[in-house]
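Fold and contact review
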Amino acid sequence: MSDHYSAKRLPVDPGQTGWLNIIEKVPSYPTLEQNISADWVIIGGGFTGLSAAKQLAYKGGSGLSIALLEASQIGAGPAGRNSGFMIDLPHALGGDSYVGDLSSDREQIRLNRIAQRFATDAAKEYQMPDHCVDKSGKINASVDYNGQHHNDIYAKQLDELGETYSMLSSDDMQAITGSQFYSGGLYTPGTILLQPAEYITRLARGVCQRKPQLQIFEHSPALSFTRVGKHWVIKTQHGSVTAEGIIIAANGHAESFGFYQNRLMHVFTYASMTRPLTASQQKMIGGDERWGITPSDPMGTTIRRINTPEGNRIVIRNGWSFDPSMQISPSRIENYVKSHRLSFNRRYPELHDVDFEYSWGGRLCLSRNTVPAFGWVDKNVISACCQNGLGTAQGTLAGMAAADLAMDRNTEVITYLTNHDAPSKLPPRVLSYIGANATIKIKEFRARKEM
Ligand SMILES: Cc1cc2nc3c(=O)[nH]c(=O)nc-3n(C[C@H](O)[C@H](O)[C@H](O)COP(=O)(O)OP(=O)(O)OC[C@H]3O[C@@H](n4cnc5c(N)ncnc54)[C@H](O)[C@@H]3O)c2cc1C
């Protein structure tokens, strides 16, 4: 506990996210340039911050004022940089398999579906187009015997969980993807495929239009917050908000304010989006126009095909790096683009001359023991951070729960997010840097056929 917290680092988002750049109309919000008051301030406008804002605005009544401070632009941060898989089933990224033990998996599924319902309700209420929140399922694709083995284990676990799925042959995979690359797949119907930047920007606009008690400020990073009597004063470069409480929805940047020191792992992953395929290129490869594939080995390549008014595009994501500084150099993106190119050409050799129009990297926050950094961290300050790489669902849940906690409500999501240990301590920085990057490289080598 302290009377003053200041941000040691502010977010830097490397490269241009394709998802945001292909949307036509993106609303913009003012920069905070005066001193205002609000009941609650939310720091961060990603899945967590905006879900908290919606929950507070809808459940807190019209008398409750909320100011949301976003350091950059809504949709330009990690929330608009991810691959858009809002997965209902267990999907642990750290291990060798996606699943864990049955009872915690069951609980996870139930809660993930609460997050999905939040997104589908928002999509309906704010009349988002179908492709924005598309419950079309996903395929866990394999390329060889090892991948098939991962999928067989996954299928057995899904049987025990009573979850439906279907196994796909290499011919099925080719019919769907237009690529001969895959040897098989496991299709599960419950995943929502988001256009992440469009979902996030429409969520922000939808809440603001219906609930004027929410004010969003872009390009307004919270630089510090100080206790003054019963209130907190949150300072930005040109203004301030005096508030009763704060929800920190800045994911790994909670640590920049001094919370969870040396307990959060800051990781980057990388993605590229092609320019639109021409009609003849689409015809040449065939396949469906909209699908999403996760690799059967968590360290492999995630790939989506999306249809936009200009034509189909392919979005490819692979490569991981552990960066405690939370910043990477632009040349790092160039290296990963080479890896994306190789992965793309292996799947679509006939499209080798199709350029990537956008390439980017994005931050994730993990904890060693895969738990969130959630709960009260000072008087009237709630942390809703560390989504362990699954922020579309976990961030939505954390935002909903943070808002309910702020309103003194008790919910099963709060119980779920608070009923575990704190994020465990990391080894000294140098050791964790070397150790984590070496582990990533070894795991990526093992998953090389799925790259
Ligand atoms: C390439 C890539 C692919 C991914 N794919 C998936 C996927 O398919 N499915 C999935 O579930 N997850 C995926 N993720 C992870 C997912 O994007 C994150 O888990 C999610 O964005 C976390 O949501 P959040 O709202 O908690 O944090 P963020 O989205 O990081 O939002 C936090 C916001 O806080 C802002 N902020 C930080 N500091 C301050 C400050 N001082 N003042 C004001 N604002 C501040 C940031 O600018 C940011 O906008 C992927 C990530 C990447 C990079």
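Residues numbered from 1 in each chain as written. Predicted model: local features only at pLDDT ≥ 70, side-chain atom pairs only at ≥ 80, totals over all residues. Heavy atoms only, no water.

**Section: the sheet that holds strand S17 (residues 311–322)**
Defined as follows: Two strands are counted as paired when DSSP detects at least two bridges linking them. Counting from the N terminus, the helices are DSSP H or I runs at least four residues long and the strands are E runs at least two residues long. Each axis is a line fitted through C-alpha atoms, and for a helix only the stretch in contact is used; angles between axes span 0 to 180 degrees, taken between their N-to-C directions.
The sheet built from eight strands is open, its strands ordered S7-S8-S6-S15-S16-S17-S14-S18 with mixed pairing. Unpaired on one side and paired on the other, strand S7 (166–169) and strand S18 (356–366) mark the two borders of the sheet. Taking each pair of neighbouring strands and ignoring which way they run, the sheet shows an average axis angle of 25°. Pairing between strand S6 (residues 138–142) and strand S8 (residues 184–188): five bridges, direction antiparallel.

**A word on the packing of helix H2 (residues 47–59) against helix H3 (residues 102–125)**
Formally: Under this scheme an angle from 65 to 115 degrees is roughly perpendicular, one under 35 degrees roughly parallel, and one over 145 degrees roughly antiparallel; angles in between are oblique. What makes a crossing left-handed is the near helix being turned counterclockwise from the far one by less than a right angle; a clockwise turn instead makes it right-handed. We call two residues in contact whenever any of their non-hydrogen atoms come within 4.5 Å of each other. Gly counts as polar in this scheme, as do all residues outside two lists: the nonpolar Ala, Val, Leu, Ile, Met, Phe, Trp, Tyr, Cys and Pro, and the charged Asp, Glu, Lys and Arg.
It is the contact of H2 with H3, at a shortest axis distance of 12 Å, that shows an interaxial angle of 70°. It follows from the interaxial angle that H2 and H3 lie roughly perpendicular. Pair H2 / H3 crosses with left-handed handedness. Contact residues: H2 offers Ser51, Lys54, Gln55 and Tyr58, while H3 offers Phe118, Ala122 and Glu125. Among the residues making up the contact of H2 with H3, the classes are represented as three nonpolar, two polar and two charged.

**Some points on the sheet that holds strand S9 (residues 192–194)**
Strand order in the open sheet formed by three strands is S4-S9-S5, with antiparallel pairing between adjacent strands. At either end of the open sheet lies a strand with only one pairing partner, and these are strand S4 (85–86) and strand S5 (133–134). Bridging between S5 and S9 involves two bridges; their strand directions are antiparallel. By the bridge assignment for S9, Val133 is matched with Leu194.

**Let's talk about the domain arrangement of the chain**
Stated precisely, the cut-off is as follows: Domain boundaries shown here were taken from an automatic or database domain assignment. Accessible-area loss on putting two parts together, using a 1.4 Å probe and summing over both, is the definition of buried area adopted here. By convention in these notes, a salt bridge is any Lys or Arg side-chain nitrogen within 4 Å of a carboxyl oxygen on Asp or Glu. By the criterion applied in these results, polar contacts are pairs of N or O atoms within 3.5 Å in which, for protein atoms, one can donate a hydrogen and the other can accept it, and in which residues neighboring in sequence qualify only through two side-chain atoms.
Along its sequence, the chain is carved into domain 1 (4–80 + 197–262 + 369–426) and domain 2 (134–192 + 266–367 + 435–450). For domain 1 versus domain 2, the separation of C-alpha centres amounts to 29 Å. Of the roughly 2,000 Å² buried where domain 1 meets domain 2, counting both sides, 62% is carbon and sulfur surface. When the buried area of domain 1 at its contact with domain 2 is split by residue, Pro14, Trp19 and Ile22 rank highest and sum to 31% of it. Here domain 1 is connected to domain 2 by one salt bridge. A salt bridge links Asp13 to Arg363; its shortest N-O distance comes to 3.1 Å. For the pair domain 1 and domain 2, the interface holds 10 residue pairs in polar contact (both at pLDDT 80 or more). By residue class, the composition of the side of domain 1 that touches domain 2 is 10 nonpolar, 14 polar and three charged.

**Some remarks on the site of the ligand**
Condition: In this text, near means that some heavy atom of the residue lies within 4 Å of the molecule or strand in question.
Around the ligand, the surrounding shell holds 34 residues, and the nearest of these are Thr48, Glu70, Phe85, Ala222 and Thr392. The side chain of Glu70 places a nitrogen or oxygen atom 2.6 Å from an oxygen atom of the ligand. Between the ligand and Gly391 there is a distance of 2.9 Å, counted from an oxygen atom to a backbone nitrogen or oxygen. Those elements that provide at least two residues to the shell around the ligand are H2, S18 and helix H9 (391–406). Classifying every residue of the shell around the ligand gives 16 nonpolar, 15 polar and three charged. Built from parts of two domains, the shell around the ligand gets at least three residues from each of domain 1 (4–80 + 197–262 + 369–426) and domain 2 (134–192 + 266–367 + 435–450).

**Remarks on the pairing of strand S11 (residues 224–228)**
Where strand S1 (residues 4–6) meets S11, three bridges bridge the pair, whose relative direction is antiparallel. Paired with Ser6 across the two strands is Ser224, which belongs to S11. Inspection of the sheet shows S11 paired to strand S12 (residues 231–235) by five bridges, in the antiparallel sense. Bridging from a neighbouring strand, Val228 pairs with His231 of S12. The antiparallel hairpin formed by S11 and S12 contains two residues in its connecting segment, where Gly229 sits at a positive phi of about 65°.

**Description of the state of the cysteines**
As a reminder of what qualifies: Pairs of cysteine sulfur atoms within 2.5 Å are identified as disulfides in what follows. With a 1.4 Å probe rolled over the protein chains alone, any residue whose accessible area is under 20% of its type maximum counts as buried; one over 50% counts as exposed, and the rest are partly exposed.
Taken as a whole and judged by the stated rule, the model has zero disulfides. Looking at the unpaired Cys208, the closest cysteine sulfur is the one in Cys132, lying at 16 Å. Looking at Cys365, it has no disulfide partner, and the nearest cysteine sulfur is the one in Cys386, 3.7 Å off. Note on Cys365: relative accessible area 1%, which makes it buried.

**A word on unusual backbone geometry**
Positive phi values are uncommon outside glycine, yet Thr370 reaches one of about 55°. Along the chain, Thr370 falls in the loop between S18 and strand S19 (373–378). Even without being a glycine, Cys386 presents a positive backbone phi close to 65°. Structurally, Cys386 is set in the loop between strand S20 (381–385) and H9.

**Some details on the packing of H3 against H9**
Running from N to C, H3 and H9 cross one another at 80°; their axes reach a closest spacing of 9 Å. Put simply, H3 runs roughly perpendicular to H9. Contacts between H3 and H9 involve Gln108, Leu111, Asn112, Ile114, Ala115 and Phe118 from the former and Ala393, Gln394, Thr396, Leu397 and Met400 from the latter. A class-by-class count of the residues in the contact of H3 with H9 yields seven nonpolar, four polar and no charged.

**Describing a nonpolar patch on the surface**
To be explicit about the condition: Only residues whose relative accessible area exceeds 30% and that form no salt bridge enter a patch; like-charged residues are grouped when within 9 Å of one another, and nonpolar side chains (Val, Leu, Ile, Met, Phe, Trp, Tyr) when within 5 Å. Per-residue and other accessible areas were derived by the Shrake-Rupley procedure at a 1.4 Å probe size, with only the shown protein chains allowed to occlude residues.
Together, Val430, Tyr433 and Ile434 give the surface a local cluster of nonpolar side chains, amounting to about 310 Å² of exposed area. With respect to the helices and strands, the residue Tyr433 is situated in helix H11 (residues 429–446).

**Some points on the nonpolar core**
Here is the rule: For our purposes a nonpolar core is just a set of buried Ala, Val, Leu, Ile, Met, Phe, Trp, Tyr and Cys residues, chained together by side-chain atoms within 4.5 Å.
Core analysis: the largest hydrophobic core is formed by 55 residues, its most contacted members being Leu56, Tyr199 and Ile247. Among the elements that make up this core, the one with the highest residue count is H9 (nine residues). Dropping the residues within four chain positions of it, Ile247 is found in contact with Trp40, Val41, Ile42, Ile43, Ala52, Leu56, Ile382, Ala384, Ala402, Ala403 and Ala406. Grouped together as the second largest cluster of nonpolar side chains are 29 residues, Ile43, Trp232, Val241 and Cys386 included.

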